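Spelled out from the first residue to the last, the chains are:
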Amino acid sequence: MESLDKICEKMIQYYQGDPKRIQHFMKVHAFAGLIGRMEKLDAPTQFILEAAAYVHDIGIRPAEEKYGSCGGRLQEQEGPPAARELLRDLNLGEEILERICYLVGHHHTYGHMEGADYQILVEADFLVNLYEEQAGETAVRKAEEKIFRTASGREILKRMFAL
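Criteria and thresholds
Residues numbered from 1 in each chain as written. Predicted model: local features only at pLDDT ≥ 70, side-chain atom pairs only at ≥ 80, totals over all residues. Heavy atoms only, no water. Core = buried A, V, L, I, M, F, W, Y, C linked by side-chain atoms within 4.5 Å. Buried < 20%, exposed > 50% of the residue type's maximum accessible area, 1.4 Å probe, protein only. Helix = DSSP H or I, 4+ residues; strand = E, 2+ residues; numbered from the N terminus. Contact = heavy atoms within 4.5 Å. Axes fitted to C-alpha atoms, helices over the stretch in contact; angles between N-to-C directions. Parallel < 35°, antiparallel > 145°, perpendicular 65-115°, else oblique. Left-handed = near helix turned anticlockwise from the far one by under 90°. Phe/Tyr/Trp six-rings, centres within 6.5 Å; stacked < 30°, edge-to-face > 60°. Polar contact = N/O pair within 3.5 Å; in protein donor to acceptor, adjacent residues only side chain to side chain. Nonpolar A, V, L, I, M, F, W, Y, C, P; charged D, E, K, R; others polar. Expected span 1.5 Å × (residues − 1).

(A) Just the nonpolar core, in detail. In this structure, I7, M11, Y54, V55, I58, L87 and I100 are the most contacted members of the largest nonpolar core, which totals 49 residues. Going through the elements one at a time, α1 (2–14), α2 (19–38), α3 (43–55), α5 (72–87), α6 (94–104), α7 (116–132), α8 (137–146) and α9 (151–160) are the ones with two or more residues in this core. Broken down by element, this core gets its largest block of residues, nine residues, from α7. In this view, I58 contacts M11, Y14, Y15, G79, A82, A83, L86 and V104; residues no more than four positions away in its chain are not counted.

(B) Here's a closer look at the packing of α2 against α3. In the contact formed by α2 and α3, the axes pass within 8 Å of each other and the chain directions differ by 165 degrees. It follows from the interaxial angle that α2 and α3 lie roughly antiparallel. When you trace α2 past α3, the crossing you get is right-handed. Contact with α2, carried on its side by F25, M26, V28, H29, A32, G33, G36 and R37, involves Q46, L49, E50, A53 and Y54 of α3 and no other residues of that element.

(C) Region of the structure containing the side chain of H24. Within the secondary structure layout, H24 lies in helix α2. Look at H24 and you get buried, because its relative accessible area is 7%. Leaving out residues up to four positions away in the same chain, H24 has contacts with H56, D57, D125, V128, N129 and E132.

(D) Inspection of the packing of aromatic side chains at higher detail. Across all of its chains, the model carries four aromatic pairs by this definition. Plain terms: the ring middles of F25 and Y54 are 6.1 Å apart, the flat faces sit at 80 degrees to each other, and that makes the pair edge-to-face. Separated by 29 residues along the polypeptide, F25 in helix α2 and Y54 in helix α3 bring together distant segments of the chain. With centroids separated by 5.3 Å and ring planes inclined at 70 degrees, the aromatic side chains of Y110 and F126 adopt a geometry described as edge-to-face. Pair noted here: Y110 is in the loop between α6 and α7 and F126 is in helix α7, with a separation of 16 residues, a long-range link. For F126, a relative accessible area of 18% gives the class buried.

(E) Quick look at the environment of E85. Within the element layout of this structure, E85 appears in helix α5. Looking at E85, its side chain comes within polar contact range of the side chain of R88, at 2.8 Å.

(F) Local environment of the packing of helix α4 (residues 60–67) against α5. At a minimum axis separation of 7 Å, α4 and α5 run at an interaxial angle of 115 degrees. Two packed elements cross with a definite hand, and for α4 against α5 that hand is right-handed. On the side of α4, the interface is formed by I60, P62, A63, K66 and Y67, while α5 contributes L74, Q75, Q77, E78 and A82. Across the contact of α4 with α5, the residue classes tally to six nonpolar, two polar and two charged.

(G) The arrangement of the side chain of H107 in detail. By secondary structure assignment, the location of H107 is in the loop between α6 and α7. In this structure, H107 is in contact with H56, D57, Q75, E76, L121, V122 and D125, ignoring residues within four places of it in sequence.

(H) Quick look at α3. Under the 1.5 Å per step criterion, the end-to-end length of α3 is 19 Å for 13 residues, consistent within 8% with the ideal 18 Å. Most of α3 sits out of view: ten of its 13 residues are buried. Of all the positions in α3, only Q46, F47, I48, L49, E50, A51, A52, A53, Y54 and V55 are classed as buried. The inward-facing, buried residues of α3 contact α1, α2, α5, α6 and α7.

In short, geometric facts, not functional conclusions.
Structure (structure tokens):
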């Protein structure tokens, strides 16, 4: 848990002065952590999921700086190097760091989500984005059909949006 708190602190510093981005990653982390626990992930996978949830949108800032845009593909492109830099001094181990960077670099790619950590990160991000973007019922139902696979994520989505 100490490492997760350090990651959170580093991300708050990274997005200093940008409460919208800080609020977003905090909410994604909360939903990801909850779904992971509800789905009974093993401890290493849960850690990777929660760490990735904190840093999943770290590519926004470098994408905006380089391209003046922060679309999903640009976030995926710019995110892994930024995540690696932010996490480098935490001694997470190369395998864990690689998986976190992989998730950051794919969290807007919904075709073949391999691994419970990947699936849950995407579901948590959708839960927050659907709310923040004030998505209508049609969009919520489409996300339920196309994105949500875990029983826990589906249950939260249904309760949150009263489906």
